[in-house]
Amino acid sequence: MADRDRQVFQADDMHRASTVMIKIGVETVKKNPLKVGAYIVGILICLLFNGWKIDDSQRSAYQQRIDSFDYVKLQEAGIILDRATNEYQESRGFFFSCDAICSMKKEEMEEAKLRYNTLAAEEERNRSEGKSQLGLFSEVGVAETRELFWLRF
């Protein structure tokens with residue numbers, strides 16, 4: 001008899017817990033219908049929709065656009081920025097004071113950072129323009145969205 005009472009008690013606890021979770025879910029949907037709706041649509045797109053097919057000419061135009069950017073320049077600018085940042089950090093004095101050499105190293109670092117950021121923005125603009133020619137719901141756009149979703153969650 002005690003075993004049966006324990007089973008009934010456990011079932012009652014599970015019923016209460018599931019009721020609380022359902023209530024929380026319903027309240028969340030009522031408070032944020034747009035967010036929840038967008039989230040559900042995003043999940044459905046990521047799981048069920050592979051995107052509109054792109055033909056070979058679109059794919060080759062996109063690939064040419066991506067390949068037209070000089071990634072070696074961007075990588076070299078990143079290496080120069082890292083080196084300039086390290087040199088600046090090493091030239092700083094006690095309690096982060098900065099003398100003439102340190103100031104010069106800081107200027108070099110700022111120039112390297114500006115160069116790198118300019119190249120990175122150019123690369124992003126190039127990639128964005130290439131994707132805009134394909135469309136958001138193309139195979140490439142949906143694949144990227146799916147990848148970003150799974151990286152996030």
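Since the structure is predicted, the reported quantities are computational estimates derived from the model, not experimental observations.

1. Some thoughts on helix 5 (residues 100-134)
Part 1 of the argument: Helix length check: helix 5, at 35 residues, gives a terminal C-alpha distance of 52 Å against a target of 51 Å (1.5 Å per residue), a fit within 8%.
Part 2 of the argument: Within the span of helix 5, buried status applies to Cys102, Lys105, Met109, Ala112, Leu119, Glu123, Asn126, Gly130 and Leu134.
Part 3 of the argument: In this structure, the buried residues of helix 5 make contact with helix 3 (56-67), helix 4 (71-91) and helix 6 (139-152).
Part 4 of the argument: Structurally, the start of helix 5 carries an N-cap: the backbone nitrogen of Ile101 is 3.4 Å from a side-chain oxygen of Asp99.
Part 5 of the argument: Of the residues one or two after helix 5, Gly135 is the one with positive phi, at around 105 degrees.

2. Description of the side chain of Ser91
Part 1 of the argument: Tracing the chain through its elements places Ser91 in helix 4.
Part 2 of the argument: For Ser91, the side chain forms a polar contact with the main-chain oxygen of Tyr88, separated by 2.9 Å.
Part 3 of the argument: In contact with Ser91, other than residues within four places in its own chain, are Asp99, Cys102 and Lys105.

3. Structural notes on the nonpolar core
Taken as a class, soluble globular proteins show a tendency for nonpolar side chains to be buried jointly.
Part 1 of the argument: Counting 6 residues, the largest nonpolar core is built from Leu81, Ala84, Tyr88, Cys102, Met109 and Ala112.
Part 2 of the argument: At the level of elements, helix 4 and helix 5 are the ones that each hand at least two residues to this core.
Part 3 of the argument: Those residues in contact with Met109, other than ones at most four positions away along the chain, are Leu81, Ala84, Thr85 and Tyr88.
Part 4 of the argument: By size, the runner-up hydrophobic cluster in this structure holds 5 residues, among which are Ile54, Tyr62, Leu134 and Val140.

4. Quick look at a nonpolar patch on the surface
Part 1 of the argument: A contiguous nonpolar surface patch, about 790 Å² in accessible area, is contributed by Tyr39, Ile40, Leu44, Leu47, Leu48, Trp150 and Phe153.
Part 2 of the argument: When residues of the nonpolar patch are assigned to their parent elements, the largest contribution, 5 residues, is made by helix 2 (residues 33-48).
Part 3 of the argument: Mapped onto the elements of the fold, Leu47 is located in helix 2.

Reading the values: rules and limits
Residues numbered from 1 in each chain as written. Predicted model: local features only at pLDDT ≥ 70, side-chain atom pairs only at ≥ 80, totals over all residues. Heavy atoms only, no water. Helix = DSSP H or I, 4+ residues; strand = E, 2+ residues; numbered from the N terminus. Expected span 1.5 Å × (residues − 1). Buried < 20%, exposed > 50% of the residue type's maximum accessible area, 1.4 Å probe, protein only. Contact = heavy atoms within 4.5 Å. Polar contact = N/O pair within 3.5 Å; in protein donor to acceptor, adjacent residues only side chain to side chain. Core = buried A, V, L, I, M, F, W, Y, C linked by side-chain atoms within 4.5 Å. Patch = residues over 30% accessible without salt bridge, like charges linked within 9 Å, V, L, I, M, F, W, Y side chains within 5 Å. Areas by Shrake-Rupley, 256 points an atom, 1.4 Å probe, with all protein chains shown as cover. Salt bridge = Lys/Arg side-chain N within 4 Å of Asp/Glu carboxyl O.

No statement about biological role is implied by the geometric values presented.
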